[in-house]
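What follows is each chain in one-letter form.
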Amino acid sequence: MIKIENLTININKLSVENDELLDSQIPSVVRDELVSTLRIISEDSRFSGQTVVIPEGCEKYGFAQGEFDLPILLEFLADMLE
């Protein structure tokens, strides 16, 4: 089962011409930030050996029931979003 304690993730907005900040509503920017965050978390040694249990009934969201390795699942989600 997953247990996350005291984890802080800072995501900085990307800047463009004249230090303008990109609007966080832009889907591709949000997706890229999410992919990067998932990859960073998947490589964190604190999550090594941890699992996630996906309960029955999640098939409607595209997930199979079972217990999965957390870092591998996060990497998979990042790949799928990319």
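Residues numbered from 1 in each chain as written. Predicted model: local features only at pLDDT ≥ 70, side-chain atom pairs only at ≥ 80, totals over all residues. Heavy atoms only, no water.

Concerning the overall build of the chain
Stated formally: For the purposes of this entry, the term helix denotes a DSSP run of H or I that reaches at least four residues, the term strand denotes a run of E that reaches at least two, and both are numbered from the N terminus. Each residue gets one of three labels from its accessible area relative to the maximum for its type: buried under 20%, exposed over 50%, partly exposed in between, using a 1.4 Å probe on protein chains only. Working rule for contacts: check all heavy atoms of both residues, and any pair within 4.5 Å makes them a contact.
The helix and strand inventory of the chain stands at 2 helices and 2 strands. Written out in order from the N terminus, the α and β elements of the chain read α-β-β-α. Every one of the 82 residues in the chain was classed for burial, and the buried ones make up 23%. The long-range share in the chain, meaning contacts at least 24 apart out of those at least 6 apart in sequence, stands at 47%.

Brief notes about the environment of L34
Along the chain, L34 turns up in helix α1 (residues 27-42). When the C-alpha positions of L34 and L81 are compared, they lie 8.4 Å apart, and in sequence the two are 47 residues distant.

Remarks on the confidence of the model for the chain
It should be kept in mind that the predicted coordinates are not to be read in detail where pLDDT is low. Stated formally: Scored from 0 to 100, pLDDT records how confident the predictor is in each individual residue.
In this model, the chain carries an average pLDDT of 81, and 71% of its residues clear a pLDDT of 70 or more. This model gives residues 15-22 a pLDDT under 50, and the stretch forms 8 contacts once residues within four places in sequence are excluded.

With respect to the pattern of salt bridges
So the rule is basically this: Take a side-chain nitrogen of Lys or Arg and a carboxyl oxygen of Asp or Glu: if they are within 4 Å of each other, that pair is a salt bridge.
The final tally for this structure, using the stated rule, is 4 salt bridges. Connected through shared salt-bridge partners, R39, E75, D79 and E82 make up one network.

Let's talk about the nonpolar core
Put simply, the rule reads: We define a nonpolar core as any set of buried Ala, Val, Leu, Ile, Met, Phe, Trp, Tyr and Cys residues linked to one another through side-chain atoms lying within 4.5 Å.
If you look at the biggest cluster of nonpolar residues, it comprises 11 residues: V35, L38, I41, F47, V52, I54, C58, L70, L73, L74 and A78. Put simply, the parts of the chain that give this core at least two residues each are α1, β1 (51-54) and α2 (70-81).

Some thoughts on α1
Turn by turn, an α-helix covers 3.6 residues, leaving residues three or four places apart pointing in a common direction. For the record, the criterion: Expected helix span is given by 1.5 Å per residue-to-residue step, counting one fewer step than there are residues.
For α1, with 16 residues, the first-to-last C-alpha span of 22 Å sits near the 22 Å given by 1.5 Å per residue. By the burial criterion, the buried members of α1 are V29, V35, T37, L38, R39, I41 and S42. The inward-facing, buried residues of α1 contact α2.

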